[in-house]
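Descriptive analysis of the structure
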Amino acid sequence: MKVNIVFGTVYGSAQAVAEQLTAQIQQAGVEVELREHSQLSGWLPPAEQVLLVVSSTTGQGDVPDDIAPWFQALKQQAPYLPAVYYAVVALGDSSYEHFCGAGRQFDELLAELGAKSLLTRLQLDATETMSPEQDASAWLPKFLAAISSR
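Now for a quick tour of the structure.

Analysis parameters
Residues numbered from 1 in each chain as written. Predicted model: local features only at pLDDT ≥ 70, side-chain atom pairs only at ≥ 80, totals over all residues. Heavy atoms only, no water. 1 Å grid on protein atoms, 1.4 Å probe; cavity = no way out; pocket = protein on both sides within 12 Å on 5 of 7 lines; lining within 4 Å. Points joined across faces, edges and corners; volume = space filled by probe spheres on them. Helix = DSSP H or I, 4+ residues; strand = E, 2+ residues; numbered from the N terminus. Nonpolar A, V, L, I, M, F, W, Y, C, P; charged D, E, K, R; others polar. Salt bridge = Lys/Arg side-chain N within 4 Å of Asp/Glu carboxyl O. Buried < 20%, exposed > 50% of the residue type's maximum accessible area, 1.4 Å probe, protein only. Arc of directions from axis to C-beta. Contact = heavy atoms within 4.5 Å.

It is worth spelling out the layout of surface pockets at this point. A volume near 580 Å³ is recorded for the largest pocket. Thr57, Leu91, Gly92, Asp93 and Ala126 are, among the 26 residues lining the largest pocket, the residues nearest its centre. Counting residues per element, the ones that place at least two in the lining of the largest pocket are helix 1 (13-27), strand 4 (85-92) and strand 6 (122-125). Here the lining of the largest pocket is composed, by residue class, of 11 nonpolar, 12 polar and three charged.

With that settled, consider the pattern of salt bridges. Overall, the coordinates contain three salt bridges when judged by the stated rule. Notably, a salt bridge pairs Lys2 with Glu33, separated by 2.8 Å at the nearest N-O pair. Residue Lys2 is found in strand 1 (residues 2-8), and its partner Glu33 is found in strand 2 (residues 31-35); the two are separated by 31 residues along the sequence. You can call Lys2 buried: its relative accessible area is 16%. One salt bridge in this structure joins Glu33 and Arg35, with 3.7 Å as the shortest N-O distance.

Let us look at helix 2 (residues 68-77). Residues of helix 2 that are buried: Ala68, Trp70, Phe71 and Leu74. End-on, the buried residues of helix 2 take up no more than an arc of 165°, which puts them together on one face. Residues Pro69, Gln76 and Gln77 are exposed on helix 2 and point more than 90 degrees away from its buried face. The elements touched by buried residues of helix 2 are strand 1, strand 3 (50-55) and helix 3 (101-112). Directly after helix 2, the chain includes Ala78, whose backbone phi takes a positive value near 45°.

Note that all results are geometric; they support no functional claim without further evidence.
Right, here's the structure in full:
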């Protein structure tokens, strides 16, 4: 079992969450790889592995610029991913109309491509927390249980 983590960030919060989750998944004895956006060109999530997307939201619910090319490539190529399992951690601010819009877009796209969702999307609200890393850490046991039971 391997977990591949990709992140899209504007100000660094999503990257901090992704890095912390990577370290904690590794500590749990699960193989994990954190993929920088520069490593995503042409990359598809491998079958029988888990994809964890951590993304902030920008503009009008848009995917951050650093991960947008990969998102668009997946959307255009539309690979069929029925053997990929995934989860999404979405960061946003509920005072904006398109709260966690990027995470919602990733969730919808992966489902359209046939990937199997392990958990309901985790939405972290900047109006409720100053430490999304801690909230994601509290969620992590659910994620680890989901990947071990599949």
